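Examination of the molecular architecture
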Amino acid sequence: MAETHDPKIRRLLAPNPSPMTHTGTNTYLLGRRDIAVIDPGPDNDAHFAAILSSIAPYQKITKILVTHAHLDHAPLARRLSIHCGAPVFAYGDSAAGRSPQMIALCEAGTIGGGEGVDDAFQPDVILKDQAALDHEGQELTAIWTPGHFGNHMAFAWNGAMFSGDHVMGWASTMISPPDGDLGAFRRSCTALQQRPEKLYLPGHGDAIEDGPARLDWLLAHRQQRESQIISHLKGRPNTAQSLAKAIYSGINPQLIPAATRNVLAHLIDLCERDLATCHGPIDLQAKYSVI
């Protein structure tokens, strides 16, 4: 059953809880008669049925919006589109939005990545940054927010920001190169700080009542991680995995691979800013040192 946030916004929780998805993916239904679906979620029969059962006889799904092309957000979009005839909107396919350096790292194939990507995802309508759609007489604005993923978009409507995985309250944002890009993440946070919305409705977890404050925390958290990495690198070079084990000493060991990806994102960003150097080509076995 859909949880009503206000008369125009409902939330359905996909049955895909995990350490990386928290309680599951949030699917949002926007509108009273014309329904926009944000993040249909994984291709799951029960969730597909739950979405359809939440649409009243006088309602119609007219838009399907996807924040980004991860397997817990995007795959059900095509099936839902075929069923109801609504187009799928997104920034682009799963490779869209990468920086030239991330494209090069992806082509080199030395850093891994690509976890949970829906490689088959392809929208019907490609949205540019700041694209404005009409939805039930209100402007629905698409904001390109790369960082967690190259094609990530947030959507602003009815005073709320649907922030996908870029801003969540239960955890800091996962950034795994080459899909994730720390420099882009910081710039996206800064762009959202210029927006008026305070209520953030994320891709996982509960609503964030003060989104701008959470953005401040996320940026400060990344700065703190950067300082920790630089401190650990002073005196001797080290690898991303060794740094992750030292810095994330209190987390579940199953999350160390994810932590390593976050550290790698920081190391790539430090090298881009000439604050660190990589001893050899950037890869998972490389050692880094501060300049």
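For the structure given in this document, a descriptive report is provided here. Since this is a predicted model, take the numbers as computed values, not measurements.

**Brief notes about the pairing of strand β9 (residues 138–144)**
Where strand β8 (residues 131–135) meets β9, five bridges bridge the pair, whose relative direction is antiparallel. Bridge pairing links Asp134 to Glu139 in β9. The antiparallel pairing of β8 with β9 creates a hairpin that spans two residues between the two strands, and Glu136 there sits at a positive phi of about 50 degrees. The pairing of β9 with strand β10 (residues 153–157) spans four bridges and is classified as antiparallel. Note that in β10 the partner of Ala142 across the bridge is Phe155.

**What to know about the sheet that holds strand β12 (residues 199–202)**
A sheet is described by the order of its strands in space; here five strands give the open sequence β8-β9-β10-β11-β12, paired in mixed fashion. Two strands in the sheet have a free side with no partner beyond their single neighbour: β8 and β12. Going from strand to strand, the sheet's axes swing by 25 degrees on average, the running direction of each strand aside.

**Topic: unusual backbone geometry**
Excluding glycine, most residues fall at negative phi; most peptide bonds, likewise, are trans. Between Pro177 and the following residue, Pro178, the backbone shows a cis peptide bond with an omega angle of 5 degrees. Position of Pro178 relative to the elements: it lies in the loop between β11 (160–164) and α4 (182–193). Phi is positive for Glu136, which is not a glycine, with a value near 50 degrees. The residue Glu136 is located in the loop between β8 and β9 in this model. We classify Glu136 as partly exposed; its relative accessible area is 27%.

**Brief notes about the nonpolar core**
Side chains of nonpolar character tend, in soluble globular proteins, to be buried together. Core analysis: the biggest nonpolar cluster contains 23 residues, and Ile229, Val263, Leu267 and Tyr288 have the highest contact counts within it. Counting residues per element, the ones that place at least two in this core are α3 (100–108), α5 (211–233), α6 (240–247), α7 (256–272) and β13 (276–278). Of the residues forming this core, the biggest block, eight residues, is contributed by α7. One finds Leu29, Ile64, Ala74 and Val117 within the second-largest nonpolar core, a separate group that totals 22 residues.

**Section: the packing of α5 against α6**
Interaxial distance between α5 and α6 falls to 11 Å at its minimum, and their mutual angle equals 110 degrees. Judged on the interaxial angle alone, α6 and α5 are roughly perpendicular. For α5 against α6, the interelement crossing comes out right-handed. Counting all contacts with α5, which are made through Arg225, Gln228, Ile229, His232 and Leu233, the residues of α6 involved are Leu243, Ala246 and Ile247.

**Considerations on the side chain of Thr173**
Relative to the assigned elements, Thr173 resides in the loop between β11 and α4. A distance of 2.7 Å separates a polar atom in the side chain of Thr173 from the backbone oxygen of His166. In this view, Thr173 contacts His148, Asp165, His166, Val167, Phe185, Leu218, Arg222 and Asn262; residues no more than four positions away in its chain are not counted.

**Focus on the environment of Gly211**
Position of Gly211 among the secondary structure elements: in helix α5. Once the C-alpha coordinates of Gly211 and Pro196 are considered, the two residues, 15 residues apart in sequence, prove to be 9.9 Å apart. Among all residues touching Gly211, those that are not within four sequence positions of it are Lys198 and Tyr200.

**A word on the pattern of salt bridges**
As a working rule, side chains carrying opposite charge can pair if their charged atoms are close by. Scanning the entire structure with this criterion turns up ten salt bridges. One salt bridge connects Asp43 with Arg79, and the closest N-O pair in it is separated by 2.9 Å. Here the residue Asp43 occupies a position in the loop between β4 (34–38) and α1 (45–53), and Arg79 occupies one in helix α2 (residues 76–84), the gap between them amounting to 36 residues. Looking at Arg79, the relative accessible area reads 29%, which means it is partly exposed. The partner of Arg186 in a salt bridge is Asp269, and the shortest N-O contact between them spans 2.8 Å. One end of the pair, Arg186, is in helix α4; the other, Asp269, is in helix α7, and 83 residues separate them in sequence. Like Asp269, Arg186 is buried. Residues joined by salt bridges that share partners form a network here, namely Arg186, Glu226, Asp269 and Arg273.

**Let's talk about the packing of aromatic side chains**
Think of a pair of aromatic rings as described by two things: how far the centres are apart, and how the planes are tilted against each other in angle. The final tally for this structure, using the stated rule, is two aromatic pairs. On the numbers, 5.2 Å between centres and 65 degrees between planes, the contact of Tyr28 with Phe162 is edge-to-face. Placement of the pair is Tyr28 in strand β3 (residues 26–30) and Phe162 in strand β11, with a sequence separation of 134 residues. Just as Tyr28 is buried, Phe162 falls in that class too. Between Tyr91 and Trp144, the aromatic rings sit 4.7 Å apart at their centres with planes inclined by 0 degrees, giving stacked as the arrangement. In this pair, Tyr91 is assigned in the loop between β6 (88–90) and α3 and Trp144 in strand β9, connecting sequence segments 53 residues apart. Against the face of Phe48 rests Arg79, its NZ or CZ located 4.2 Å from the ring centre. The ring of Tyr248 is capped by Arg225, whose NZ or CZ atom sits 4.2 Å from the centre of that ring.

Basis of the calculations
Residues numbered from 1 in each chain as written. Predicted model: local features only at pLDDT ≥ 70, side-chain atom pairs only at ≥ 80, totals over all residues. Heavy atoms only, no water. Pairing = 2+ DSSP bridges. Helix = DSSP H or I, 4+ residues; strand = E, 2+ residues; numbered from the N terminus. Axes fitted to C-alpha atoms, helices over the stretch in contact; angles between N-to-C directions. Buried < 20%, exposed > 50% of the residue type's maximum accessible area, 1.4 Å probe, protein only. Core = buried A, V, L, I, M, F, W, Y, C linked by side-chain atoms within 4.5 Å. Parallel < 35°, antiparallel > 145°, perpendicular 65-115°, else oblique. Left-handed = near helix turned anticlockwise from the far one by under 90°. Contact = heavy atoms within 4.5 Å. Polar contact = N/O pair within 3.5 Å; in protein donor to acceptor, adjacent residues only side chain to side chain. Salt bridge = Lys/Arg side-chain N within 4 Å of Asp/Glu carboxyl O. Phe/Tyr/Trp six-rings, centres within 6.5 Å; stacked < 30°, edge-to-face > 60°. Lys NZ or Arg CZ within 6 Å of the ring centre and 35° of its normal.

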